[in-house]
Amino acid sequence: MQRFLLSAAARTLSLKAVFRMGEDKAYRTFCEMRWPENDGEAVCPRCGCTETYSITTRRKFKCVACHHQFSVTSGTIFASRKMSFTDLLAAIVIFVNGAKGVAALHLSRDLDCQYKTAFVLTHKLREAMAREDMGRTLSGEVEVDGAYFGGYVKPANAKENRRDRRLAINQNGKREVVVVMRERDGKSVTAVHKTEGAGVATIKATVSADTVIHADEASHWDVLHAQYETHRINHSQTYSDGYACTNMAESFFSRLRRMEIGTHHHIAGRYLASYAAEASWREDNRRVSNGGMAAKVGDAAMAAPVSRQWKGYWQR
Ligand SMILES: [Zn+2]
């Protein structure tokens, strides 16, 4: 049986389709995301046994071998969920559809759930997205660049050009640098540092030695020449000389900037890394259908362990 989210019907996944499928089929879809290797049939998370008793009325399973009781979301990022499976799937669809990100307030209105539920859920979905870049190494041709984000941003800053943004370093101690490393037509990795130069160590740890790097003229990138074939573009003169350019990195920053200004208005420093990872995930998956994106986020969330950061967040 083909998994629903991978079927042709799910390629364009509308909210209407999600609500029309009903709770049983939505539940089945979560089982397929949790246990893809077993066609959506339960596997004991404790001992790996594939024989379980199904306690259908409570949507729980009991392992035949070790008697462990579990549900489809036990031990995942969605553990102790408060939403129905239909709402949870709808939340994923709304979230992936938001090209500029989705504000928790927006999600709480769309799903008629409490703001705090939506707040935690959006952060859990970001955590699932971020897991895709974890431990990733980049190669081929990689563009690197940094830009300042976070703290309080006056709307006028949006119109500032890149050089002025750099000069804004000292205006607000809360602003931090997002450094992006982006393969041309490939994957990205992001990191948050106090200064752009501090990102060099991350670049060395993330980008493999045989990579061709493209960077702008900022002097802290000079050290990259010792380790990589590095091409520079002087942005005060031109944005591309036909080869050396950081346009892919720029389009990532443009998306993160639109998320910051257009959707969230303010990004608290402690969450900047997760918003950056979300923006790079959206960039890397920009050509994937929304059903395909929902499947990726759902799969990642169901494979992710219980969130240390967000578990019981509001009970603390
Ligand atoms: Zn077991």
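As the structure is a prediction and not an experimental result, all values here were calculated from the model. (Residues numbered from 1 in each chain as written. Predicted model: local features only at pLDDT ≥ 70, side-chain atom pairs only at ≥ 80, totals over all residues. Heavy atoms only, no water.)

Draft legend 1. Summary view of the packing of aromatic side chains. Under the criterion given, the structure shown has 10 aromatic pairs. Ring centres of Phe30 and Phe85 lie 5.4 Å apart, and the angle between their planes is 50 degrees; on these two criteria the pair is classed as tilted. Placement of the pair is Phe30 in helix H1 (residues 15-34) and Phe85 in helix H2 (residues 85-97), with a sequence separation of 55 residues. Summarising the burial analysis for this pair, Phe30 and Phe85 share the class buried. (Phe/Tyr/Trp six-rings, centres within 6.5 Å; stacked < 30°, edge-to-face > 60°. Helix = DSSP H or I, 4+ residues; strand = E, 2+ residues; numbered from the N terminus. Buried < 20%, exposed > 50% of the residue type's maximum accessible area, 1.4 Å probe, protein only.)

Draft legend 2. How the structure looks around the confidence of the model for the chain. Counting all residues, the mean pLDDT for the chain is 88, and 88% of those residues have values of 70 or more. Below pLDDT 50 for its whole length, residues 161-167 participates in 14 contacts with residues either more than four positions away or in separate chains. (pLDDT = per-residue confidence, 0-100. Contact = heavy atoms within 4.5 Å.)

Draft legend 3. The arrangement of the pairing of strand S1 (residues 52-55) in detail. Two elements, S1 and strand S2 (residues 60-63), share 4 bridges in a ladder whose sense is antiparallel. Within the sheet, the bridge partner assigned to Ile55 lies in S2 and is Lys60. Here S1 folds back onto S2, and the loop between the two strands holds 4 residues, one of which, Arg59, carries a positive phi near 50 degrees. (Pairing = 2+ DSSP bridges.)

Draft legend 4. Representation of the packing of H2 against helix H9 (residues 290-303). Between H2 and H9, whose axes approach to 9 Å, the crossing angle comes to 120 degrees. H2 and H9 meet at a crossing whose hand is right-handed. From H2, Ile92, Val93, Val96 and Asn97 reach across to H9, where they touch Asn290, Met293, Ala294, Val297 and Gly298. Of the residues in the contact of H2 with H9, the class split is 6 nonpolar, 3 polar and no charged. (Axes fitted to C-alpha atoms, helices over the stretch in contact; angles between N-to-C directions. Left-handed = near helix turned anticlockwise from the far one by under 90°. Nonpolar A, V, L, I, M, F, W, Y, C, P; charged D, E, K, R; others polar.)

Draft legend 5. Quick look at unusual backbone geometry. The phi dihedral of Asp112 falls on the positive side, at around 50 degrees, and the residue is not glycine. Structurally, Asp112 is set in the loop between helix H3 (104-111) and helix H4 (115-131). Phi is positive for Asp185, close to 55 degrees, though the residue is something other than glycine. If you trace the backbone, Asp185 turns up in the loop between strand S5 (176-183) and strand S6 (188-193).

Draft legend 6. How the structure looks around the environment of Cys113. Counting through the fold element by element, Cys113 comes out in the loop between H3 and H4. Along the primary structure Cys113 and Met83 are separated by 30 residues, whereas in three dimensions their C-alpha atoms are 8.4 Å apart. Once residues within four sequence positions are removed from consideration, Cys113 is found in contact with Met83, Leu107, Ser108 and Ala118.

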